[in-house]
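# Survey of secondary and tertiary structure
These are the residues of each chain, in order.
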Amino acid sequence: MPATEPRADQTEVTRRGFYVTLIYGLWSIIATALSVPAAIYLLFPPKLRKAPEWVEAGDVSQLEPRVPVEMVFRQNRVDGWKVLSEKTTTWVVKFSDSNVVAFGPQCTHLGCAYHWDDNRAQFLCPCHTSIFAIDGAVVSGPAPRPLDRYDAKVENGRLLLGPLHESKEKA
Amino acid sequence: MSWLDHRTGIETAIRNFLYEEIPASSGWHQVFGSIAVFLFLVQAFTGALLAFNYAPTPGDAYNSLRYILTEVTGGHLIRGLHHWGASMLIVVVVLHMTQVFLYGAYKKPREATWMVGVVLLLLTMAYGLTGYLLPWDNRAYWGTVVATQIAARAPLMGPYLSRLLGGENAVGVVTFARFYGLHVLLLPPATGLLIATHIYLVRKHGVAPAPGDEVQPKKKFYPQQAFKDTAAIFGAFVILFVMAVAVRVPLERLADPTDTTVVPRPDWYFLFLFQTLKFFNGPLEVVGSMILPGLAVLALLLVPFVDRGQVMRVTRRTVAFGAVALALLGWSGLTVAAIATTPKPDNTVEIDFGAPTDWMQLSPQELAGVGYFRQENCASCHTVGTGKPRIGPDLANVPIKKNAAWMIEHFKRPAAMVPGSSMPAIQLSNAQLNALAAFLLKLTPRNAEALANAPDFAVEAALLYQANNCGACHMANGVGMKIGPPLNGLARRRTKTWVAQHFANPQALSPDSIMPSYKFSNREMDRMIAYLFTLPD
C-alpha cells in the first residue's frame, strides 16, 4: 500500500489484517487438532495386549552339538485385532547343554528362507548368496547383519522360545 | 502474475472465489452452510482413518472397532469425532435449512439450490442409517433389523428393496457389505458432487439478498464474512472435539441374533420416525413408514413452488416462523414420546465394550481382592504402578514378593512383619485376606491397569461370589472345584432369566442338582448374573 493513503483507509487496513490473522490462526488450530491425533493414531504402536509367552519348540536333549536342525512349532502372533496361531520354523544349534541358540528362519538381507549346507557347514541363502557361519555371523554376501535370534531357554531338555530379536551388530 | 498461476490459474481462481460480492445484509446467520461442509470433510477424514484399522465384515468389524478403542493410540478420539460429527452434521444441516427457510432464500431463481439441499439432507440421513450398522454390536444389529423390515414392507417395491439391502432372510454378511459399500463407496462421491453443485448454484445466483439490499453497496466475502464463517466453524469444532474427548460412545456386546431382551432403538435423529410408526397399525402401517415421510420430503422439495410471493423481511415472515415452530414442536414431541416409552432394560448393569475388558480374565478371588483393596482404601497410601509416590511402597513394584502366608500375617500385624511400618492392621476374615493377598501377589506393572479397569459391578459380584463360596463347587477362570458345572461360557448356554430362576430354586430347573438356593436382592442378582455372563468361553 502506498504511504499516502488517507487515515480512514488505514483503519480499514488494520481491521482487515486483524480478520486475516484470525482466519489463519483459527484454521491452523483446527488443522493441528486434526492432524496431530491422526499422526499419533497411524504411527504409534498399539498397546500390547499381553506379555510375550514362551512356546515349546521341541526336544533338544538328543541333539548333536554344533549340528543345526530345523524345528517347526506353533506360535501365537498378535496381528492387529487378531491373534493368529501360526506355524513357525527355527534353525536350532546346540553349542552345549546350557547354550542352545535358535535363529529366525529368514535371511537378514531380504527375508528369503535360508538353509544349512552340510558339506560347507554354513547357512546358505539361495536368493543373493548370503552365507552365515554356524554362530549366525555373516561370512559373505549382501546380508547386513548376523542371523536374528529367538529368546531361548532350555528346561528339562525342552527348548522354549520367546520373541524374535534383530541382531544389533553390523556384518 | 506468478509462475504457478500462469500455468494453472489456481491463484486467480481462489481470489475470484474469496472476493465474491455478497449482499450488504450478509452476516452471522449465513455461517451454517460452511459449517456443514467443514463437518462433512471431518467425517471423510476421520472415516478414512477408521477404515485404516477396520475390517468390514461381521464379527471382525466388532473386534477391529474394539481394537481401535482399546489398543490403538488415539483411536478413542478418532471414533468419537466420527460418531459425534455425524450427529452434529444432522443438527447443522437442519439449522442451515431452517435459516434458508426463514429468510425465504429459496425463492426464484434459487429453487434448484434448495432442492439439491433437500437431497443432501436425505444423504446425510442415509449415512446415519448405514453407519449405524458398522460397529456390529447388539444395538447396531437390532436397529438395522427393524430398518430393513420397514423397507421390506414398502408397497410394490418392498421385496426389491429387501433384496437390494441384502436383508431378504436376515441381516447378515450381505446386508453388512451393502451398508458398508453405500457408506464408504457410493454416498461420499454422491455427496461431494451434490455439495459442488449446491455451491456452484449459490455462486451462480449469488447469496440471496434481503429487502433493502438493492440500495446498499455490495461487500466482499473475504475477509469479513470469511472470518465469521471461520469463527463459527471453529466454535463447532471445539464443541465436537470436547464431545469426542469427554462423552463416552457406547459399544455394546457383539451382535447377538438370539437375544430376546434387546429393545431396538434407532439413533436419536430417527426417533421421531420410529415414534410415528407406532400410530399406524396393520394395513395402515405403510402410512407411517412410507407415505407420511414421503409426503414430508415432497413438501420440502416443493417449498419454493408453494411460497412464490415477493421476498419479505425475515421479521415479517410469520407463516414461515409458524411452520418452523410447528415442525420443531412435532419433532420434539415425537422424540420425547419415543424416549419416554422406551422400556428400561431389565438389567441395570451396562458393560462398555469400548473400554479394556482384560479384567474378565481375572479369577473371582482376584477380583474380590480388588474389592477389598478398594474397600480398605489402600490407594490412599499406596500407588499401583503409576501415579506420584505416596507414603507406602508402590504395590506393583515391591522389591520382594513374599508368599500369601507372609502377606496375611503382615495384613494382621503390619509392624511385626515390617519393623517401623505405619500401616494400620486390616480387619478382614481369613478368606477375605486370602483374596486380598492373591490380588496383591498378582500385581505387576503390566496387569495393574487390568485390575484398575475392573468395573464396580463385577467387583461387587466377585465379593458376593466369594462370600457365598461359589468356588467350592464351581470353576471360574481356572479357579475353583469341579463338583458343579464350570461357569465359563454360561452366557452361551443359558439366558439371564434361566440363571435368575435357577438361583432361586435350582432343583426346579435341574432336578439332580445339589446346589442350595440363594436369595439375592435384585441389585445383587443383576450384578451377579451380569458378572457371570462376562466370563469368557
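Residues numbered from 1 in each chain as written. Chains lettered and ligands numbered in written order. Predicted model: local features only at pLDDT ≥ 70, side-chain atom pairs only at ≥ 80, totals over all residues.

### As for the overall build of chain A
Looking only at helices and strands, chain A features one helix and ten strands. The order of helices and strands in chain A, counted from the N terminus, is α-β-β-β-β-β-β-β-β-β-β. Expected size for 171 residues packed as a compact globule is a radius of gyration near 16 Å; at 29 Å, chain A overshoots this value by more than 25%. When burial is assessed residue by residue, chain A has 18% of its 171 residues classed as buried. Counting only contacts in chain A whose residues sit at least 6 apart along the sequence, the fraction spanning at least 24 positions is 41%. (Helix = DSSP H or I, 4+ residues; strand = E, 2+ residues; numbered from the N terminus. Rg over C-alpha atoms; globule rule 2.2 N^0.38 Å. Buried ≥ 20, exposed ≤ 12 C-beta atoms within 10 Å, placed from the backbone. Contact = placed C-beta atoms within 7 Å.)

### Quick word on the overall build of chain B
Looking only at helices and strands, chain B features 23 helices and four strands. Taking 537 residues into account, the globule formula puts the C-alpha radius of gyration at 24 Å, and chain B, at 30 Å, lies well above it. Taken along the three principal axes of its C-alpha coordinates, chain B extends 95 × 60 × 45 Å. The long-range fraction of contacts in chain B, counting pairs at least 24 apart against all pairs at least 6 apart in sequence, stands at 76%.

### So, the domain arrangement of chain B
In terms of domains, chain B is made up of domain 1 (22-254 + 261-340) and domain 2 (358-534). Distance between the C-alpha centres of domain 1 of chain B and domain 2 of chain B: 47 Å. (Domains from an automatic or database assignment.)

### Here we look at the nonpolar core
In globular proteins that are soluble, nonpolar side chains generally tend to be buried together. Among the nonpolar cores identified, the biggest contains 99 residues, and Ile35(B), Leu39(B), Leu89(B), Val92(B), Leu436(B) and Ala462(B) are the most heavily contacted of them. Of the residues forming this core, the biggest block, twelve residues, is contributed by helix α5 (residues 75-103) of chain B. Two domains each donate at least three residues to this core, and these are domain 1 (22-254 + 261-340) and domain 2 (358-534) of chain B. Once residues lying within four places of it in the same chain are set aside, the contact partners of Ile35(B) are Val92(B), Ala232(B), Ile233(B) and Ala236(B). Grouped together as the second largest cluster of nonpolar side chains are 18 residues, Trp91(A), Ala102(A), Tyr114(A) and Ala143(A) included. (Core = buried A, V, L, I, M, F, W, Y, C linked by C-beta atoms within 7 Å.)

### Re the interface of chain B and chain A
Across the boundary between the two partners, chain B contributes 24 residues, which contact 22 residues of chain A. Among the elements of the structure, α3 (32-51), α4 (60-70), α5 and α10 (221-246) of chain B are those that each provide at least two residues to the side of chain B that touches chain A. At nine residues, α10(B) tops the list of elements feeding residues into the side of chain B that touches chain A. Residue composition of the side of chain B that touches chain A, grouped by class: 14 nonpolar, seven polar and three charged. (Nonpolar A, V, L, I, M, F, W, Y, C, P; charged D, E, K, R; others polar.)

### Some remarks on the pairing of strand β2 (residues 69-79) of chain A
Residues and elements named next belong to chain A. For β2 and strand β3 (residues 82-94), the ladder comprises eleven bridges, and the chain directions are antiparallel. Residue pairing for β3: Asn76 is matched across the bridge by Ser85. Linkage of β2 to β3, two consecutive antiparallel strands, is achieved through a turn of two residues, within which Gly80 is found at a positive phi near 60°. (Pairing = 2+ DSSP bridges.)

### Considerations on the packing of helix α6 (residues 111-133) of chain B against helix α7 (residues 138-152) of chain B
Residue and element names in this part refer to chain B. Where α6 meets α7, the closest approach of the two axes is 7 Å, and the angle between their N-to-C directions is 130°. In this view, α6 runs oblique relative to α7, as classed from their interaxial angle. Contact residues: α6 offers Leu129, Tyr132 and Leu133, while α7 offers Ala140, Gly143, Thr144 and Ala147. Counted by class, the contact of α6 with α7 contains five nonpolar, two polar and no charged residues. (Axes fitted to C-alpha atoms, helices over the stretch in contact; angles between N-to-C directions. Parallel < 35°, antiparallel > 145°, perpendicular 65-115°, else oblique.)

### With respect to the sheet that holds strand β8 (residues 138-140) of chain A
The strand order β5-β6-β7-β8 (chain A) describes an open sheet built from four strands, whose pairing is antiparallel. Each edge of the open sheet is held by one strand with a lone partner, namely β5 (115-117) and β8 of chain A.

### Let's talk about unusual backbone geometry
All names here are of chain B. Residue Lys108 is joined to Pro109 through a cis peptide bond whose omega torsion reads 5°. Along the chain, Pro109 turns up in the loop between α5 and α6. Looking along the chain, the bond that leaves Tyr222 and enters Pro223 is cis, with omega of 0°. The residue Pro223 is located in helix α10 in this model. One non-glycine residue with positive phi stands out, namely Asn469, at about 60°. Along the polypeptide, Asn469 turns up in the loop between α19 (456-467) and β3 (475-476). The class of Asn469 is exposed, set by 11 C-beta atoms lying within 10 Å. Unlike most non-glycine residues, Asn477 shows phi in positive territory, near 50°. On the secondary structure map, Asn477 appears in the loop between β3 and β4 (479-480).

### Examining the packing of helix α14 (residues 364-375) of chain B against helix α17 (residues 430-442) of chain B
Residue and element names in this part refer to chain B. Where α14 contacts α17, the axes come no closer than 7 Å and their chain directions differ by 100°. As summarised for this structure, α14 and α17 are arranged roughly perpendicular, according to the angle between their axes. Taking contact as the criterion, the partners of Gln365, Glu366, Ala368, Gly369, Val370, Tyr372 and Phe373 in α14 are, on α17, Gln432, Ala435, Leu436, Ala438, Phe439, Leu440 and Lys442. Along the lines of polarity and charge, the residues of the contact of α14 with α17 split into nine nonpolar, three polar and two charged.

### What about the pairing of β3(A)?
All names here are of chain A. Note that β3 and strand β4 (residues 100-103) share four bridges and pair antiparallel. Opposite Val92, over in β4, you have Ala102 as the bridge partner. The hairpin formed by β3 and β4 contains five residues between the paired strands.

### Re α10(B)
Residues and elements named next belong to chain B. With 26 residues, α10 ought to run about 38 Å at 1.5 Å a step, and its terminal C-alpha atoms sit 35 Å apart, in line with that. At Phe227, α10 is bent by approximately 25°, the largest bend along its length. Taken residue by residue, α10 has Tyr222, Pro223, Gln225, Lys228, Asp229, Thr230, Ile233, Ala236, Phe237, Leu240 and Ala244 as its buried positions. (Expected span 1.5 Å × (residues − 1). Bend = angle between axes of the 7 residues up to and from the residue.)

### Some details on the confidence of the model for chain B
Averaged over all residues, the pLDDT of chain B is 89; the fraction at 70 or higher stands at 98%. Highest mean pLDDT in chain B belongs to α3(B) (98); lowest belongs to helix α18 (residues 448-453) of chain B (76). (pLDDT = per-residue confidence, 0-100.)

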